[in-house]
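Structure at a glance
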Amino acid sequence: MSTCEHLRAANEPTPRTTAGCEECLRLGTSWVHLRKCLSCGHIGCCDSSPEKHATAHFHETSHPVVKSFEPGESWRWCYVDNVVG
C-alpha cells in the first residue's frame, strides 16, 4: 500500500455513530458500505451507495482521509492524493 502526508498524519477519532451513514439515517435512504472520516469521526456511505455521503463530506469539509468502517477492513483512502494506505 502507498502512503502520503495525509495518511501519515491521520488520526483515529471516535465514530460519531455506529448505527450507519449519518445522512442516510436522517434521510431514510440506504447505503452499501461505510467510511469513517479520520478528521472528525463522521460516518458516511461509500461511492457505491446511491448518495455517496463520504465523498460529499470531503467536498464540504476538505477532511482528506477516510477509513473503511466495515468489519474486518482497515484500509484508508486519501481524497487529496487519490491513494490507498
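To be clear, the structure that these remarks concern was listed above.
The structure displayed is predicted, hence computed values, not measured ones.

1. What to know about the overall build of the protein chain
- Assigned secondary structure in the protein chain consists of three helices and five strands.
- Starting at the N terminus and walking to the C terminus, you meet the elements of the protein chain as α-α-β-β-α-β-β-β.
- Expressed as lengths along the three principal axes of its C-alpha atoms, the size of the protein chain is roughly 35 × 25 × 20 Å.
- Across the 85 residues that make up the protein chain, the buried fraction comes to 42%.

2. Things to note about the environment of C78
- Within the secondary structure, C78 is located in strand β4 (residues 76-78).
- Judged by its relative accessible area of 0%, C78 falls in the buried class.
- Once the C-alpha coordinates of C78 and A10 are considered, the two residues, 68 residues apart in sequence, prove to be 9.6 Å apart.
- Apart from the residues lying within four places of it in its own chain, the contact partners of C78 are C4, H6, L7, P64, V65 and V83.

3. Quick notes on the packing of aromatic side chains
- Applying the stated criterion across every chain, the model contains one aromatic pair.
- Ring centres of F58 and Y79 lie 4.7 Å apart, and the angle between their planes is 10°; on these two criteria the pair is classed as stacked. In this pair, F58 is assigned in helix α3 (residues 53-61) and Y79 in the loop between β4 and β5 (83-84), connecting sequence segments 21 residues apart. For the residue pair F58 and Y79, the accessibility class agrees, reading buried in each case.

4. Quick look at the environment of H6
- With respect to the helices and strands, H6 occurs in helix α1 (residues 5-9).
- Residue classification places H6 among the partly exposed positions, given a relative accessible area of 23%.
- In sequence terms H6 and V65 are 59 residues apart; their C-alpha atoms lie 6.8 Å from each other.
- Once you skip the residues sitting within four places of it in the chain, H6 turns out to touch P64, V65, C78, V80 and D81.

5. Observations regarding the pairing of strand β3 (residues 65-68)
- Residues V65 and K67 of β3 are buried on one face, and the alternating residues V66 and S68, pointing to the opposite face, are buried as well.
- Note that strand β1 (residues 34-37) and β3 share three bridges and pair antiparallel. Within β3, the position partnered with R35 by the bridge is S68.
- One ladder, built from three bridges, connects β3 with β4; its direction is antiparallel. Looking across to β4, one finds that V65 is bridged to C78.

Cut-offs and rules
- Residues numbered from 1 in each chain as written.
- Predicted model: local features only at pLDDT ≥ 70, side-chain atom pairs only at ≥ 80, totals over all residues.
- Heavy atoms only, no water.
- Helix = DSSP H or I, 4+ residues; strand = E, 2+ residues; numbered from the N terminus.
- Buried < 20%, exposed > 50% of the residue type's maximum accessible area, 1.4 Å probe, protein only.
- Contact = heavy atoms within 4.5 Å.
- Phe/Tyr/Trp six-rings, centres within 6.5 Å; stacked < 30°, edge-to-face > 60°.
- Pairing = 2+ DSSP bridges.

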